Structures are given as C-alpha cells and as structure tokens.
Amino acid sequence: MSASFIKLSSKVGLIPLFGDLDTDLVAENTSILQNFAHEGNYTTLLFDFGGLDILTTEGIQALQALCSPSISWVSHAILLA
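Residues numbered from 1 in each chain as written. Predicted model: local features only at pLDDT ≥ 70, side-chain atom pairs only at ≥ 80, totals over all residues. Heavy atoms only, no water.

1. Comments concerning the overall build of the chain
To be explicit about the condition: A run of H or I in DSSP counts as a helix once it spans at least four residues, and a run of E counts as a strand once it spans at least two, with each numbered from the N terminus. Each residue gets one of three labels from its accessible area relative to the maximum for its type: buried under 20%, exposed over 50%, partly exposed in between, using a 1.4 Å probe on protein chains only. Contacts: residue pairs with any heavy atoms within 4.5 Å of one another. All accessible areas in this document rest on Shrake-Rupley with a 1.4 Å probe, and a residue is counted as covered only by the protein chains that are shown.
The secondary structure content of the chain amounts to two helices and five strands. From first element to last, N terminus to C terminus, the chain shows the α and β order β-β-β-α-β-α-β. Considering the chain as a whole, with its 81 residues, one finds that 35% of them fall into the buried category. Within the chain, counting contacts between residues at least 6 apart in sequence, those at least 24 apart form 78% of the total. Carbon together with sulfur atoms contributes 56% to the accessible area of the chain, which is approximately 4500 Å² in total.

Have a look at this one:
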C-alpha cells in the first residue's frame, strides 16, 4: 500500500490507497496517516480502495485497527471502492 493524504476541506481528508493492502504495508504508512489526520484536525477521512491490487484479510484487519484507536478523534472513516 502506498498512501498519500489529500485535503478536501478543513475537516475532510481523502486517502487514496495503491498497491497491495497487507499488514506490512499498513504498518509502513501508519505514522504518516496518523500525523496528517491529527495535524489537520480532520473529522472525516475517506479511504479510496480503487487503486488496490490485492486485499488480504490481515491487511483489512490492520487498517481497521488503525482507524479504531489511533485516529479516535475522527468521527467518520468512509471506505470508497
């Protein structure tokens, strides 16, 4: 997974995901995503899965774990396919 962060508005950020969604690649991008989301004080994050090649069960669980406690100030995390 390669992730970037796109500011859509003062409270909404878009995170397009590219490559394979697995645990190693979620781990590689965790601090980047946490920093962008926290510094921007976003309340809604949109995850775009359109650029992913392979989604593993473990990768989905790792992303879910990232979204739960790590970015708890975010009120909405929306997944886009």
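2. Regarding the packing of aromatic side chains
Geometrically, a pair of aromatic rings is defined through the distance of the ring centres and the angle of the planes. Our working definition: Stacked, tilted and edge-to-face are the three classes applied to pairs of Phe, Tyr and Trp rings, where Trp contributes its six-membered ring and a pair requires centres within 6.5 Å; stacked means planes under 30 degrees apart, edge-to-face means over 60, and tilted covers the rest.
Following the criterion strictly, the structure yields one aromatic pair and no others. Note on Phe5 and Tyr42: the rings are 4.9 Å apart at their centroids and 55° apart in plane angle, and the pair reads as tilted. One end of the pair, Phe5, is in the loop between strand S1 (2-3) and strand S2 (6-7); the other, Tyr42, is in the loop between helix H1 (23-40) and strand S4 (44-55), and 37 residues separate them in sequence. Of the two residues, Phe5 and Tyr42, both sit in the buried class.

3. Quick notes on the pairing of strand S3 (residues 12-21)
For clarity, the cut-off: In short, DSSP must find at least two bridges between two strands for them to pair.
Direction of pairing for S2 relative to S3: antiparallel, over a ladder of two bridges. Bridge assignment links Ile6 to a residue of S3, and that residue is Leu14. The antiparallel hairpin formed by S2 and S3 contains four residues in its connecting segment. Sheet analysis places S3 next to S4, joined by nine bridges and oriented parallel.

4. Some remarks on the environment of Phe18
Here Phe18 is to be found in strand S3. In this structure Phe18 comes out as partly exposed when scored by relative accessible area, which is 42%. A sequence separation of 30 residues divides Phe18 from Asp48, and the C-alpha atoms of the two residues are 8.9 Å apart.

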